[in-house]
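Working through the structure, step by step
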Amino acid sequence: MSFNIFKQLNADAQEGSVGEATETAAKTNVPVGLAEAVATAHDDFDWSVDKRNVTSYSADEKAKYDTVYDNTFKQINDGEMIMATIESLTKTDAVVNIGFKSDGLISLNEFRDIPGGVKVGDVIEVMVVEKEDRDGNLNLSRKSARTTRAWERIVEVHKTGEIVTGLVTSKTKGGLIVDVFGMETFLPGSQIDVKPVTDYDQFVGKTMEFKVVKINEAIKNAVVSHKALIESDIEAQRAEIMGKLEKGQVLEGTIKNITDFGAFLDLGGLDGLLYITDISWGRINHPTEVLKMDQKLNVVVLDFDDDKKRISLGLKQLTPHPWDTLTENLKEGEIVKGKVVNIEDYGAFLEIMPGVEGLVHVSEITWANTPINAKEFFKLGDEYEAKVVTLDKDTRKMSLSIKQMTQDPWSNIEVSFPEGSKHTGVVKNITPYGVFVELSTGIGGMIHISDLSWLKRFNNPNEYTKVGNQIEVVIMNIDKDNRKLQLGHKQIEEDPWNTLETTFPVGSEHEGTVIRKDDKGAIVQLPYGLEGFAPARHLMKEDGKAIVADEIAKFMVIEFDRNDKRIVLSHTRLWEQVIEEEKQAVMKEKKAESEVTKKAVKSLQSKVEKSTLGDLGVLADLKAKMDSDAAGAASAEEAPKAE
């Protein structure tokens, strides 16, 4: 029905042109209907014949409206920042209108920082990532826009030094991550506070003020600091405090750090050092014995340096010096009790009361004259009673004595330890030249190395005894003035050398063992514990070899010196003497035979009055026999030499 009405209206509108179509058909011999159709589709068709429901614009108006229409489409570039309107929301994205030919989508995850989320109609700033991605879509990002704007602001506040507020979002290695203007920045652990921080988790989720201290344009990275703000405040307070400081001024401080040498106090923006020697009048080994962390206490300013910002503090100076409050009853000769607080080579310091000490010199430890090592005698913390020897309150010095707590044993030494008396003592010290023996408390003496044994010679007393061993001694001499006793150990027994001379006379033979040997000779162990010395040339055996160490052999005593306690031995002399004795025996026998022959000849000659031919024959025979005997004797003498 509507189609027929539209057809009728169109026919009425074009009624005036039908005649023209008929005329044209007649002239061109074209059917009327076809001629009419051709005329209707021609470009000269007046479409404005029927003006019903149609607005007609002039050319100027059309140009004007075309310009307005074109201006509704923005020319945008990649990376451009632009304001956009939220047109609608889906479950995952927001449809955003930026006035471009198409809308863009932004994930709702990029709006999580907005409390309550984003709403339709909200105007936001976005960045054009791509005008057309590979799918032809407009790619927008609110996160990139926020990051870019945040970086611009961070760069600006870094230049101006402006303080910013940020949210600590998480912990990372070496520090914290802080959201500043929507951009992640790094807060190093050392920049959190002026005090060392070990627990980073306590700051996560907190909103704090920061100062941008470093930026990196290349990677768009920024470092912030909270410590810098605190330090700036502290510096202002420090300048104010330093301007008011005076020596002797009393301040309240809080202990912020304790070291081996003292404690650092926070004086309200300014640090001061309380040195260990200024904590207490008494000796302390470590500040923690008196102080503890975060403790508040009053201290006095001892000294300060404006340039170096150093302040020296004192705690003990707030109380009177103990020497100034000593009781009047403390005088020389009084008995006091103290604790060992320091030990030096020359003695030990006893603390009578905190801040009051006295020195016990090594010479005042015992009445004995033997050397004493204070570090071996005393131990830190031990308590002793001592007598005050000297006391000077002006110089604050006191000398003490432990040995004077008892009577001087040397006052009646002749009665307690007379010369020639025998005693048992304890070896206290050994030196290369002797042994120090303690007979009783404060009484001791030395045994010289030569007085240890009658028979043996020692290179060092350690070969005979050890420290701590008991040893018998004889008092040989008393030097009361110098408090010295000369002791002897071998004198406990009689001198065996008085009888050894008969046992080991020169020429006697004894079996011995070589116990030590060197280039000069050997030490030989003889019977009865006696030792002798055999020179190297007297160690040769008959076969030409020398006696070696630990070898047992026979030796002859060739020298016995009672005064020098010396016996010289020889093994070589034994076999040389045997050979000599054999030689002498042969000589003696030959000589005896010769004497007998001579006597026979002499006797015969005395009986003959004159020579006869017969007598001459007898004499000739006798002379031949004598020559034969002489030749035999000569052969006997040469035989040992040949051997």
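Residues numbered from 1 in each chain as written. Predicted model: local features only at pLDDT ≥ 70, side-chain atom pairs only at ≥ 80, totals over all residues. Heavy atoms only, no water.

Consider a sheet: its strands pair through backbone hydrogen bonds, and that pairing is either parallel or antiparallel. Taking strand neighbours around the barrel as the criterion, the five strands line up as E1-E2-E3-E5-E4 in a closed arrangement whose pairing is mixed. Going across the sheet, the axis of each strand differs from the next one's by a mean of 50°, ignoring polarity. The pairing of strand E2 (residues 93–97) with strand E3 (residues 104–107) spans four bridges and is antiparallel. In the strand pairing of E3, Val96 is matched with Gly104. Packed onto the sheet, helix H5 (residues 142–160) meets strand E1 (81–89), E3, strand E4 (123–130) and strand E5 (138–141) and runs at close to 100° relative to E4. (Pairing = 2+ DSSP bridges. Helix = DSSP H or I, 4+ residues; strand = E, 2+ residues; numbered from the N terminus. Axes fitted to C-alpha atoms, helices over the stretch in contact; angles between N-to-C directions. Contact = heavy atoms within 4.5 Å.)

What follows deals with unusual backbone geometry. Positive phi is not limited to glycine here, since Arg396 has a value of about 55°. Residue class for Arg396 comes out partly exposed when judged on its relative accessible area of 36%. The backbone phi angle of Arg483 is positive, close to 55°, even though this residue is not glycine. Looking at the element boundaries, Arg483 is found in the loop between strand E24 (470–479) and strand E25 (484–488). A relative accessible area of 23% means that Arg483 is categorised as partly exposed. (Buried < 20%, exposed > 50% of the residue type's maximum accessible area, 1.4 Å probe, protein only.)

All right, on to the sheet that holds strand E21 (residues 422–431) then. If you walk around this closed barrel you meet the five strands as E21-E22-E23-E25-E24, and the pairing is mixed. Taken over all neighbouring pairs, the strand axes of this sheet differ in orientation by 50° on average, direction set aside. In terms of strand pairing, strand E23 (residues 443–448) meets E25 through two bridges, oriented parallel. Residue pairing in the sheet places Met446 in a bridge with Gln486 of E25.

Any two side chains of opposite charge can pair, given that their charged atoms come close. All chains considered together, the criterion is met by 15 salt bridges. Lys480 is the partner of Glu414 in a salt bridge, and the nearest nitrogen-oxygen pair spans 3.5 Å. You can see Glu414 sitting in helix H8 (residues 413–416) and its partner Lys480 sitting in the loop between E24 and E25, a full 66 residues away along the chain. Look at Lys480 and you get partly exposed, because its relative accessible area is 35%. Put simply, Glu125, Arg149 and Glu152 are held in one network by salt bridges that share partners. (Salt bridge = Lys/Arg side-chain N within 4 Å of Asp/Glu carboxyl O.)

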